[in-house]
Amino acid sequence: MSAVMAEGIRGRFAPSPTGFLHLGHAWVALLSWLQVRGSGGSWVLRVEDLDPDRSRDVYAEALREDLTWLGLDPDEGFGVGGLHAPYRQSERVDRYEAAFRALRERGEVYPCFCTRSRVREAERGAALAPHGPLTGCPGRCAERPERERRRLVAEGERPHWRYRVRRSRDEWEDGCRGHQSWERGEGNWDPILRRRDGTFGYMLAVVVDDGEMQITDVLRGDDLLTATPIQRDLFGTLGLPVPRYAHVPLLVDSAGRRLSKRHGALALRELRRSGVKPEAVIGRLAAWAGCVERPEPCRPGELIGLLDLAKVGRRWPGRIVVQER
Ligand code: GLU
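Residues numbered from 1 in each chain as written. Predicted model: local features only at pLDDT ≥ 70, side-chain atom pairs only at ≥ 80, totals over all residues. Heavy atoms only, no water.

The protein chain appears in an unreviewed UniProt entry as Glutamyl-Q tRNA(Asp) synthetase from Kyrpidia spormannii.

Right under this line is the structure:
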């Protein structure tokens, strides 16, 4: 690794191409871009398209265009290239395969035979049984003897593979929300790294990618805060450096629902079509972030150095409510 890379921070924006980017994506993208630009680092665009049923090429192509419209150009990533290409998860499956194989050889994953009905059965039993908190998986597959696993496979069952989370508690500093402490509780199942159909899960892909792409700073919506202790644990097990995290408040509608495809009017291309200027969008987001007093139109470059993530966390301890016009 060159000295330049070791010094600069590396952030990323990692949308799933399951719809057009909306204001909620623009919020996370702008804050992550500003965090990186404020310290002379690199901003990476990664497309998280592992779910073949929901991901569409048209959305992947469109997101580059929407980011360019906003003035948020990646230094590296999908559509740009770079040292860590490819930047689309569907083209990185060999990396997940290799990491999974290493974990399997070391006994860090175990086959889980829980089906939906078995989960229900186990959960009913758990409510009556005097065990401690239920972790692992609902059917306690981590504890199955090898001969029983072999029997189930011989009977034609295809297991999921779960990561055996090592830690039961963790503490870290979140760049936006401050000190975090986590204790494993009831129903915190071990994450599925590989599904029974052979596809890889989000937890494995995101950790392998953030690790290989040498991401130092993950900034994302705080709906993913609960994934962080699990990801930190998995980084350690894979021997990869753990990034810093900042979880920013989500933008929600007046009913408290996070912005999504159903808020079509807040899709960036819809705003653009209806004549809204990118500077107006950036100005509005910048005012929410506390970078400026009033939502005056501006370009992202004018905001460099003005972002204080801890202030975002203090100002918005919960959600930001967005009115649809
Ligand atoms: N692909 C995820 C999403 O669009 C983001 C994953 C992450 O930032 O870790 O919600």
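After that view of the structure, there is still more to cover.
Our focus in this paragraph is unusual backbone geometry. With an omega of 0°, the peptide bond running from Ala85 to Pro86 counts as cis. Among the secondary structure elements, Pro86 is positioned in the loop between β3 (76–77) and α4 (93–105). The backbone of Arg140 shows a phi angle near 55°, a positive value even though the residue is not glycine. The topology assignment puts Arg140 in the loop between β5 (135–136) and α6 (146–154). Despite not being glycine, Gln214 has its phi angle at roughly 55°, a positive value. Its place among the elements puts Gln214 in the loop between α7 (202–212) and β11 (217–221). By relative accessible area, which is 29% here, Gln214 ends up partly exposed. (Helix = DSSP H or I, 4+ residues; strand = E, 2+ residues; numbered from the N terminus. Buried < 20%, exposed > 50% of the residue type's maximum accessible area, 1.4 Å probe, protein only.)

Here the structure, examined in full by the defined rule, presents six aromatic pairs. Consider the rings of Trp27 and Trp288, whose centres lie 6.4 Å apart with planes at 85°: the pair is edge-to-face. In this pair, Trp27 is assigned in helix α2 (residues 23–37) and Trp288 in helix α10 (residues 278–289), connecting sequence segments 261 residues apart. In this structure Trp288 comes out as buried when scored by relative accessible area, which is 12%. Centre to centre, the rings of Tyr96 and Phe200 are 6.1 Å apart; their planes meet at 65°, and the pair counts as edge-to-face. (Phe/Tyr/Trp six-rings, centres within 6.5 Å; stacked < 30°, edge-to-face > 60°.)

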